[in-house]
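Structural features, examined
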Amino acid sequence: MTDILAPAMFLCLVVALFAGFPVAFSLAAVGGAFGIIGVTTGHFNVTFLNNMLFRIQGTFNNDNLLALPLLIFMGMLLERTGIAEEMFTALNRIFGRLSGGLAYATIIVGAALSAITGFVSASVVAIGLISLPVMLRAKYDPKLATGIVAAAGTLAQVIPPSLVLIILAEQLEVSLLEIYRGALLPAALLVALYLSYIFLLTRLSPERAPSSFDRVVQSLSQVTLEVVRAAGLPLGIVSAVLAAIYFGVATPTEGGAIGVIAILLLGLAGRKLTGRNLRQAMDVTGILCSGIIFLLLGASFFMLVFRGLEGHLWIESLFKLLPAGQVGFIVFINVAIFFLAFFLDFFEIAFIVLPLIAPIARHLGIDMVWFTVLLAVNLQTSFMHPPFGIALYNLRSVTPSSVPTSQIYWGAVPFLVLQIMMVGLLIAVPQIVTRTPAPAAAPATINIELPPPPAEN
């Protein structure tokens, strides 16, 4: 009976999710139902549930989770006050002379906005509202324009200080600061891949992304002043927050607090902060944070009951069948997550699947910082999968009806391929994340000489 309960519990959760029930409540309901079954059949010790009190307390006392509302609020302020839109307009002044200039500006603004929004859906909608109409008016290929917006929005998955990385750090029990440091270079490489693809595409097919030079009529000094004012200050704030966290000057929570204050002051100085957009930013932040807390508590309760029914032993027995040790495990997990992402979104995978595989990864001696960053990049593809990618659904909601849904799907495919290439690169070259440490210096031999005892008289 014990061997059946854990697999049945996991199967019931999958059925509940595919039936469309909310994830947080599905986790709690399935956990509660199988907890009762386990207690009545004598296969679950009810005192085991006392640990849930400590898990709830740990959730609300977690320092890393304090950064979530601050970072989300900072991103919402940038979007609601129009500062992000001004950044896009200013950067377009720089790249407007180039074929694909609007695309370059979209990727850069997307990277900056994603770094502090930390939430893919919010980033995709914000970037779609800001840049997509401009690109379509400039006669961009709709497939290319929608693909660029979706790809820029999903950068929120991997660019620190990302909400996604905070959640992964909690679920996999890894140092958040180490994850931020490990994810910085892969995120930069992914942005470089996007920009390189746009560069090559515009050289081969410039008609797909025409220059907007005819719209740039200001003098060089005017352009420079506008770029510094509209883009320099917000990008400087984002860079300062990232640098403070990266070098250990501030914790993610402190960095988020500093960023919020800086954006508030910037909005007040530019007379763009009003009571209405401030309230909207606070409402969105509260809704997102509440949803994440419910997911955390539901997942925590599910995993507690699952472990009480010895589900972790069942999972370990399944992975023992894989060949090739670490390599087989890593390849299998990445392929499995890639295909699971066709049907499950990031939160479902992060709160259900990853806690099950984390103990096995540790047992195999895998570097958990590298493993976490690798999974973050892989999970980025879950937002871009046609036809179920949530980023594509979000983009559809802000795309004019004149652009068919099929073009949105086809536009996402090249960037999805780039993301898969990044996953392969991280597997082949883990030093991108781990940074091979310098050899430790051999301790010097210390000689301590004691003075001779005084001569006796």
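Residues numbered from 1 in each chain as written. Predicted model: local features only at pLDDT ≥ 70, side-chain atom pairs only at ≥ 80, totals over all residues. Heavy atoms only, no water.

Filter applied, for reference: UniProt positions are given in the numbering used here, feature names are shortened, and annotations may be inferred rather than shown by experiment.
The name that an unreviewed UniProt entry assigns to the protein chain is TRAP transporter large permease subunit, with the source organism given as Reyranella aquatilis. UniProt's Subcellular location (unreviewed entry) comment on the protein chain is quoted here verbatim: "Cell inner membrane". UniProt annotates the protein chain under Function (unreviewed entry) with the comment "Part of the tripartite ATP-independent periplasmic (TRAP) transport system."

1. Observations regarding the packing of aromatic side chains
Rules: Classification of ring pairs rests on two measures: the distance between centres of Phe, Tyr or Trp rings, Trp counted by its six-membered ring, which must be within 6.5 Å, and the angle between planes, read as stacked under 30 degrees, edge-to-face over 60 and tilted in between. Helix numbers and strand numbers start at the N terminus; a helix is a DSSP run of H or I with at least 4 residues, a strand a run of E with at least 2. Think of it in three bands: with a 1.4 Å probe and only protein chains considered, a residue is buried below 20% of the maximum accessible area for its type, exposed above 50%, and partly exposed in between.
Taken as a whole and assessed by the stated rule, the structure comprises 5 aromatic pairs. Measuring from ring centre to ring centre gives 5.9 Å for phenylalanine 302 and phenylalanine 306, while their planes differ by 15 degrees; the resulting arrangement is stacked. In this pair, phenylalanine 302 and phenylalanine 306 both sit in helix H13 (residues 275–308), 4 residues apart, roughly one turn of the helix. Just as phenylalanine 302 is buried, phenylalanine 306 falls in that class too.

2. What about the nonpolar core?
How we decide: Throughout, nonpolar core names a set of buried Ala, Val, Leu, Ile, Met, Phe, Trp, Tyr and Cys residues whose side chains join them through atoms within 4.5 Å. Between two residues, a contact is recorded if the distance between any of their heavy atoms is within 4.5 Å.
Residues Phe329, Phe346, Leu354 and Phe371 are the most contacted members of the largest nonpolar core, which totals 149 residues. Among residues more than four places away in sequence, those in contact with phenylalanine 371 are Phe329, Ile333, Ile357, Ala361 and Ile366.

3. Brief notes about the pattern of salt bridges
The test is simple: A pairing counts as a salt bridge when a side-chain nitrogen of Lys or Arg comes within 4 Å of a carboxyl oxygen of Asp or Glu.
Enumeration according to the criterion identifies 2 salt bridges in this entry. Note that aspartate 141 is salt-bridged to arginine 208, the shortest N-O span being 2.8 Å. Linking aspartate 141 in the loop between helix H7 (120–137) and helix H8 (142–154) with arginine 208 in the loop between helix H10 (176–204) and helix H11 (220–246), this pair joins segments that are 67 residues apart in sequence. Since its relative accessible area comes to 17%, aspartate 141 is described here as buried. Of the residues examined, arginine 208 reaches a relative accessible area of 24% and is grouped as partly exposed. Put simply, arginine 181 and glutamate 178 hold a salt bridge, and the shortest N to O gap is 3.5 Å. Of this pair, arginine 181 and glutamate 178 both sit in helix H10, 3 residues apart, which is roughly one turn of the helix. The class of arginine 181 is partly exposed, set by a relative accessible area of 27%.

4. A few points about the environment of tryptophan 314
Within the fold, tryptophan 314 resides in helix H14 (residues 311–319). Between the alpha carbons of tryptophan 314 and aspartate 3 there is a distance of 7.7 Å; along the sequence they are 311 residues apart.

5. Quick word on the packing of H8 against helix H19 (residues 405–428)
Our working rule: Angles run from 0 to 180 degrees between N-to-C directions of axes, and those axes are lines fitted to C-alpha atoms, restricted for helices to the stretch in contact. Any angle between 65 and 115 degrees counts as roughly perpendicular, while under 35 counts as roughly parallel, over 145 as roughly antiparallel, and the rest as oblique. By definition, any crossing whose near helix is turned counterclockwise from its far helix by less than a right angle is left-handed, and any crossing with a clockwise turn is right-handed. Three categories are distinguished: nonpolar for Ala, Val, Leu, Ile, Met, Phe, Trp, Tyr, Cys and Pro, charged for Asp, Glu, Lys and Arg, and polar for the others, with Gly belonging to the last.
Taken N-terminus to C-terminus, the directions of H8 and H19 make an angle of 50 degrees; their axes are 7 Å apart at the nearest point. The orientation of H8 relative to H19 falls into the category oblique. In the crossing of H8 with H19, the sense of the turn from one axis to the other is right-handed. Together, Pro142, Lys143, Thr146, Gly147, Ile148, Ala151 and Thr154 of H8 and Gln407, Ile408, Trp410, Gly411, Ala412, Phe415 and Gln419 of H19 make up the contact between the two elements. Split by residue class, the contact of H8 with H19 holds 7 nonpolar, 6 polar and 1 charged.

6. What about the side chain of asparagine 378?
Following the sequence through the fold, asparagine 378 ends up in helix H17 (residues 368–380). When its relative accessible area of 2% is taken as the criterion, asparagine 378 is described as buried. Setting aside residues up to four positions removed in sequence, asparagine 378 forms contacts with Asn334, Ile337, Phe338 and Val423.

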